[in-house]
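Structural overview
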Amino acid sequence: MRVDIVSIFPEYLAPLDLSLIGRARASGLLRLAVHDLRSWTHDVHRTVDDTPYGGGPGMVMRPEPWGEALDALAPAEAPQPRLLVPSPAGTPFTQAMAHELAAEERLLFACGRYEGIDQRVLEHAAARMPVTEVSLGDYVLFGGEVAVLVILEAVTRLLPGVLGNAGSLDEESHAHGLLEAPVYTKPPSWRGHDVPEILRSGDHGRIARWRRDEALRRTAARRPDMLAALADDLDKRDVAAL
Ligand code: ADE
């Protein structure tokens, strides 16, 4: 997968050199480049923002540098990437969207700052590439950079060959619309707290049922919205037993 990120703070994306994402880059599974939006400005102050039409607080990112950046990174005659614009006004990011993005050949992230990017940039781009405004959640960040780190971490771990143990993708929280059961390791007793006996029983059938019950209990307590969405394929007795 190829990923381009445009930002006025390229240094914010430095963590993408680390850990498993860094390794995915080094191995060629992920080709990633970070670009400074200001390299597409032409005035001495390298201006990227201006006051909003209609008034109001803050500044808005001007369309010209963004237009040039998108022209340079996605020339009209070439195969087009999917453009992702992090915004608190976007579609909520989910594990399902992470899977969708992991199947794309190319992603292009446009990191807005201030009050956001002039909407015409997105309208213009939408004529030649799919454009998605995406939100991490119902809160406001300073800009899109941290959102890109989050989205790329969720997407990269789904790329074939990135995770050592692909089985962990199947069991984790959100894989089947439930939160994951709690996990334990050695020692069996620690500061007066014991590992649940059943996990040490060696009875794989009982362990699987225990994990599913715990997943249901947790999801009911913490995320009743997820449980309601699952209602169709849930065994009614599982729910009644909670
Ligand atoms: N930029 C600012 N706030 C954001 C959020 N909640 N999600 C994605 N991008 C953002």
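Computed from a prediction, not measured in an experiment: that's the story for all the values here.

Thresholds applied
- Residues numbered from 1 in each chain as written.
- Predicted model: local features only at pLDDT ≥ 70, side-chain atom pairs only at ≥ 80, totals over all residues.
- Buried ≥ 20, exposed ≤ 12 C-beta atoms within 10 Å, placed from the backbone.
- Helix = DSSP H or I, 4+ residues; strand = E, 2+ residues; numbered from the N terminus.
- Pairing = 2+ DSSP bridges.
- Right-handed = clockwise from strand over helix to strand, strands pointing away.
- pLDDT = per-residue confidence, 0-100.

What follows concerns the pairing of strand β1 (residues 2-7). When you tally the buried positions in β1, you get five out of six residues, the bulk of the element. Direction of pairing for β1 relative to strand β2 (residues 31-36): parallel, over a ladder of six bridges. Paired with Val 3 across the bridge in β2 is Leu 32. Since β1 and β2 lie parallel, the crossover through helix α1 (residues 19-26) that links them has a hand, and here it is right-handed. Relative to strand β6 (residues 106-110), β1 runs parallel, the two being bridged by five bridges. Across the sheet, Asp 4 pairs through a bridge with Leu 108, a residue of β6.

Turning our eyes to something else, we now look at the confidence of the model for the chain. The predicted model of the chain averages 94 in pLDDT, with 95% of residues at 70 or higher. Among the prediction metrics, the complex's ipTM stands at 0.98, with pTM recorded as 0.92.

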